[in-house]
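Read off the chains here:
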Amino acid sequence: MRVLKFGGSSVGSLERISGVVQIVKEQLDKDPRVVVVVSALGGVTDDLIRISQKAALGDTSYQQELVQLQDRHRAISTSEAQNDQIDKFFKKLNDALHGVMLVRELSKRSLDFIMSFGERLSAYLISEAMKPSIPSAIFLDARELIQTDRNFGAARVDYKETNARIQKYFADCAFVPVVTGFIGATKERETTTLGRGGSDFTASILGAALHAQEIEIWTDVSGVMTADPRRVPQASPIPQMSYQEALEMSHFGAKVLHPPTIAPALSQKVPIRIKNTFYPKAPGTLISAEPQNHDSLICGISSISHVALLRVEGGGMVGVSGVAMR
Ligand code: ADP
Ligand code: ASP
Ligand code: MG
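Residues numbered from 1 in each chain as written. Chains lettered and ligands numbered in written order. Predicted model: local features only at pLDDT ≥ 70, side-chain atom pairs only at ≥ 80, totals over all residues. Heavy atoms only, no water.

Colleague: How would you explain the layout of surface pockets if you had to name every residue and give the values?
Modeller: Empty space within the largest pocket amounts to approximately 1200 Å³. Forming the walls of the largest pocket are 45 residues, and the residues nearest its centre are Gly197, Thr219, Arg230, Lys255 and Val256. Every element with two or more residues in the lining of the largest pocket is listed here: helix H2 (44-56), helix H7 (199-209) and helix H8 (243-251). (1 Å grid on protein atoms, 1.4 Å probe; cavity = no way out; pocket = protein on both sides within 12 Å on 5 of 7 lines; lining within 4 Å. Points joined across faces, edges and corners; volume = space filled by probe spheres on them. Helix = DSSP H or I, 4+ residues; strand = E, 2+ residues; numbered from the N terminus.)

Colleague: Can you break down helix H4 (residues 80-103) residue by residue, with the values?
Modeller: The terminal C-alpha atoms of H4, which comprises 24 residues, lie 35 Å apart, in line with the 34 Å expected from a rise of 1.5 Å per residue. Taken together, the buried positions of H4 are occupied by Gln82, Asn83, Ile86, Phe89, Phe90, Leu93, Ala96, Leu97, Val100 and Met101. On its buried face, H4 is in contact with H2, helix H3 (62-74) and helix H5 (108-130). Just beyond H4, the residue with positive phi is arginine 104, at close to 55 degrees. (Expected span 1.5 Å × (residues − 1). Buried < 20%, exposed > 50% of the residue type's maximum accessible area, 1.4 Å probe, protein only. Contact = heavy atoms within 4.5 Å.)

Colleague: Explain the sheet that holds strand E9 (residues 272-276) residue by residue, including any values.
Modeller: Taken together, the eight strands give an open sheet; going across it, the order is E3-E4-E2-E1-E7-E9-E10-E8, and neighbouring strands pair in mixed fashion. Each edge of the sheet is formed by a strand with only one pairing partner; in this case those strands are strand E3 (137-140) and strand E8 (240-242). Here the strands of the sheet are splayed against their neighbours by 20 degrees on average, with no regard to which way each runs. Two elements, E9 and strand E10 (residues 285-288), share three bridges in a ladder whose sense is antiparallel. (Pairing = 2+ DSSP bridges. Axes fitted to C-alpha atoms, helices over the stretch in contact; angles between N-to-C directions.)

Colleague: Explain the site of ligand 2 to me, using residue names and the numbers behind them.
Modeller: The full set of residues close to ligand 2 is Ser39, Thr45, Glu119, Phe182, Arg196, Gly197, Gly198 and Ser199. Taking glutamate 119, its side chain carries an N or O atom lying 2.6 Å from a nitrogen atom of ligand 2. Within the complex, 85% of the 270 Å² of free accessible area of ligand 2 lies under protein. The cavity where ligand 2 resides is the largest pocket. In the shell around ligand 2, the residues fall into one nonpolar, five polar and two charged. (Near = heavy atom within 4 Å. Polar contact = N/O pair within 3.5 Å; in protein donor to acceptor, adjacent residues only side chain to side chain. Areas by Shrake-Rupley, 256 points an atom, 1.4 Å probe, with all protein chains shown as cover. Sits in = over half its atoms within 2 Å of the grid points. Nonpolar A, V, L, I, M, F, W, Y, C, P; charged D, E, K, R; others polar.)

Colleague: Go over the site of ligand 1, please, and point to the residues and values.
Modeller: Near ligand 1, the surroundings consist of 18 residues, among which Thr219, Asp220, Met225, Arg230 and Lys255 are the closest. At 2.8 Å from a nitrogen atom of ligand 1 is found a main-chain nitrogen or oxygen belonging to methionine 225. Within the contact set of ligand 1, an oxygen atom lies 3.0 Å away from a side-chain nitrogen or oxygen of lysine 255. For ligand 1, the cavity whose grid points lie within 2 Å of the majority of its atoms is the largest pocket. Residue composition of the shell around ligand 1, by class: eight nonpolar, five polar and five charged.

Colleague: Go over the packing of H2 against H5, please, and point to the residues and values.
Modeller: The N-to-C vectors of H2 and H5 enclose an angle of 145 degrees; their axes lie 9 Å apart at closest approach. Note that H2 runs across H5; the crossing there is right-handed. Facing Val44, Thr45, Leu48, Ile49 and Ser52 of H2, the residues of H5 in contact are Leu111, Ile114, Met115, Gly118 and Glu119. Of the residues that constitute the contact of H2 with H5, the class distribution is six nonpolar, three polar and one charged. (Left-handed = near helix turned anticlockwise from the far one by under 90°.)

Colleague: Got a sec to walk through the environment of arginine 326? Specific residues and values, please.
Modeller: Among the secondary structure elements, arginine 326 is positioned in the segment after E10. In the structure, arginine 326 is positioned 269 residues away from leucine 57 in sequence and 33 Å away in space, judged by C-alpha atoms.

Colleague: I'd like a rundown of empty space enclosed by the protein, residues and numbers included.
Modeller: This structure, assessed with the given rule, holds one cavity of 30 Å³ or more. Contributing to the lining of the largest cavity are Val224, Met241, Ala246, Met249, Ser250, Ala254, Val256 and Leu257. For the lining of the largest cavity, the leading source of residues is H8, giving three residues. Of the residues belonging to the lining of the largest cavity, the class tally is seven nonpolar, one polar and no charged.

Colleague: Can you explain the side chain of serine 77? Please cite residues and give values.
Modeller: Mapping serine 77 onto the fold places it in the loop between H3 and H4. In terms of polar contacts, serine 77 uses its side chain to reach the side chain of asparagine 83, at 2.9 Å.

Colleague: Give a detailed account of the packing of aromatic side chains, specifying residues and quantitative values.
Modeller: If you walk through the whole model with that rule in mind, you get six aromatic pairs. Note on phenylalanine 6 and tryptophan 218: the rings are 6.0 Å apart at their centroids and 25 degrees apart in plane angle, and the pair reads as stacked. Separated by 212 residues along the polypeptide, phenylalanine 6 in strand E1 (residues 2-6) and tryptophan 218 in strand E7 (residues 214-219) bring together distant segments of the chain. Given a relative accessible area of 0%, phenylalanine 6 falls into the buried group. Judged by its relative accessible area of 3%, tryptophan 218 is buried. (Phe/Tyr/Trp six-rings, centres within 6.5 Å; stacked < 30°, edge-to-face > 60°.)

Colleague: Which residues make up the pattern of salt bridges, and what values go with them?
Modeller: Under the defined criterion, the tally for this structure stands at 19 salt bridges. Residue glutamate 214 is joined to arginine 2 by a salt bridge in which the shortest nitrogen-to-oxygen separation is 3.4 Å. Of this pair, glutamate 214 sits in strand E7 while arginine 2 sits in strand E1; the two residues are 212 residues apart in sequence, bridging distant segments of the chain. Classification of glutamate 214 as buried rests on a relative accessible area of 9%. One connected set of salt bridges, linked through shared partners, spans Arg2, Glu214, Glu216 and Arg273. (Salt bridge = Lys/Arg side-chain N within 4 Å of Asp/Glu carboxyl O.)

This is the structure we're talking about:
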């Protein structure tokens, strides 16, 4: 069993989606048990947030943006039946946004529900794009499997329930599911999200529950690099690293991997491989418990923008407990 996750940059257009279908087909030739996890089409989550904020302010121009978003998804559809399904998704999305506009309030809970449409639309469209060459592809809504608490925006996973559901679902599954990344649901079936960039986490939750051979994160760079390639053009891919190193790099700003992704994989010692959708031949980065040593002492450098260091000092603080907390 292999879990393959494709990020927003890998599924931005019909052409890119065909590249993804090709990668999945090649994997299926090697191992018939494959689970695909996808993010929303590139930029769609940001669009949905902006549209929701406009609706909450009563700015009706959100409706035009919604139509543009619908057109973008329709451009990826290849049949009238798919267009009808997209329109159904957008009808529900429109209703939700209309509600936000009427009450002029955007709760975290409503925003999670609205954001979930990004992954639901992309997983549906990608499963349809796969069907001509992979007839066993089916759309799978992760809200059926991943149960979380009510911490909307960054929900925590109930692993006991989630693992049991995943194992039950896959015990006799003869399909290639295309699963919505990023989203889950509470016990009461309210929609939640796992934090921005959380589709990597979805892949890891599935990979760990299924004791997968490998979790593959397919993105737009050839692995975890020695630094963010957008800032440091001469950065190069790190061939192998430990879970601990990957955790530190991602926690301190390497966006290529969503930080909570490491924990489920580590718990079952499932290796994570970072691969480039646009250059599949590149070996990428293998994250595992026992990486072959890299020769430099420093594995990589990460950076975080917009961070301020606040220094509070003064005689009045001497011996006064609780100042830092206050
Ligand atoms: P996806 O849409 O596939 O989830 P992301 O945008 O979330 O992709 O993550 C990939 C991006 O992470 C890269 O394009 C790169 O700019 C950024 N990044 C930051 N630090 C690193 C790093 N050390 N190695 C690789 N990529 C990094
Ligand atoms: N679509 C979500 C986001 O933009 C999740 C992800 O891309 O992993 O944050
Ligand atoms: Mg990402």
